[in-house]
Amino acid sequence: MRNSEIALCFLCFIPYLTGPPNLSVYYTFLALVICYHLGIDKPRWQILPVYVAAFLNVAFGMESFLVGFLNFLLIVTSLLLGISLPVSKLPTPTHFSVGFFETEWDYKFRSKDKKFTKVLTRQKLQVKIVYPVDENNGCSLGRPWLTPELSAKVLEIGVNPRIPSFIFSHLSLIQMPCYVNASVSKSQQKWPVMVFSHGLKGIPEVYMTLAMDFASRGFIVVLPLHTDGSSAMSYDNFNIDDHVARNEQVTIRADNVSFALDQLSKDALLAFLLRLVFCI
């Protein structure tokens, strides 16, 4: 559980252990913790019972045995939910700090093979890039690991559909320890480039911890969201022979990778951030 959640549980129950507190001081501390929790850490449904406990303390006082017993049950419920469904922390980079950049490019499959006519329409190739940066780079640290949309889509495919999606909505609160839109580190002139392809029903974010570890060790890691119908965002079950479908996917993926590498030096902002001196 996050520190503000533990503090909130403590403040809601401690009066029943130590006796009635100085109300003005107690309410001040309670208000400060709630404001920090809601404004900085952000609320989540697992802590809802503690919100109710705080309301009971304010609305009905702290001398009633019944209110105290209800608060105990509510706080224990939140503790169990918060511990079993935590807002985890992604590992901190071990060597270089890590930068993060995302973009999308107009993309058209470049094969002339007629069997690929269904993918010849113009699309957007979404790409996320992580790379080594200097620590004092002037950019903000932290970015949500999963947006609510991505979280819901991944869970729709990877989890039993009978489980309500809100159960795992807290995943959107997890932060990536990276600097958004920072320039590549100036500690050396060239950096090796790695393209990391997601798996079937996957998205780049699923592999972001591994990608950031590579970036912290000196790689520029490019993670495309493939347009071959294999990602969680566009999964296609394919009604044709599986062997044929998978061979088509491999061809499309290879073209995605080739296109992404070609675009690295053509994207003006990306070229500025990465300084056009990577080695491929």
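Residues numbered from 1 in each chain as written. Predicted model: local features only at pLDDT ≥ 70, side-chain atom pairs only at ≥ 80, totals over all residues. Heavy atoms only, no water.

Visitor: When you look at the pairing of strand S4 (residues 175-180) in this model, what are you seeing that I'm missing?
Guide: Along any regular strand, the residues point their side chains to alternate faces of the sheet. As judged from the two bridges shared by strand S1 (residues 97-107) and S4, these two strands associate in the parallel manner. Note on S4: the bridge partner recorded for glycine 99 is tyrosine 179. (Pairing = 2+ DSSP bridges. Helix = DSSP H or I, 4+ residues; strand = E, 2+ residues; numbered from the N terminus.)

Visitor: Honestly, the packing of helix H1 (residues 3-13) against helix H3 (residues 23-41) in this entry has me stumped. Any pointers?
Guide: The description of two helices packed together rests on the angle between their axes and the distance between the axes. Interaxial distance between H1 and H3 falls to 10 Å at its minimum, and their mutual angle equals 155 degrees. Put simply, H1 runs roughly antiparallel to H3. When the axes of H1 and H3 are compared, the crossing they make is left-handed. Residues Ser4, Glu5, Ala7, Leu8, Leu11 and Cys12 of H1 form the contact with H3, whose own contacting residues are Tyr26, Phe29, Leu30, Val33, Ile34, Tyr36, His37 and Asp41. For the contact of H1 with H3, the per-class residue count stands at ten nonpolar, two polar and two charged. (Axes fitted to C-alpha atoms, helices over the stretch in contact; angles between N-to-C directions. Parallel < 35°, antiparallel > 145°, perpendicular 65-115°, else oblique. Left-handed = near helix turned anticlockwise from the far one by under 90°. Contact = heavy atoms within 4.5 Å. Nonpolar A, V, L, I, M, F, W, Y, C, P; charged D, E, K, R; others polar.)

Visitor: Is there a simple way to explain the pattern of salt bridges in this structure?
Guide: When charged atoms on two side chains of opposite charge get close, those side chains can pair. Taken as a whole and judged by the stated rule, the model has seven salt bridges. We note a salt bridge from glutamate 205 to lysine 128, for which the minimum N-O separation is 3.2 Å. Highlighted residues: glutamate 205 in the loop between strand S5 (193-195) and helix H7 (208-216) and lysine 128 in strand S2 (residues 123-133), separated in sequence by 77 residues. By the burial criterion, glutamate 205 is buried, and lysine 128 matches it. Where salt bridges share partners, they join Glu102, Lys128, Arg143 and Glu205 into one cluster. (Salt bridge = Lys/Arg side-chain N within 4 Å of Asp/Glu carboxyl O. Buried < 20%, exposed > 50% of the residue type's maximum accessible area, 1.4 Å probe, protein only.)

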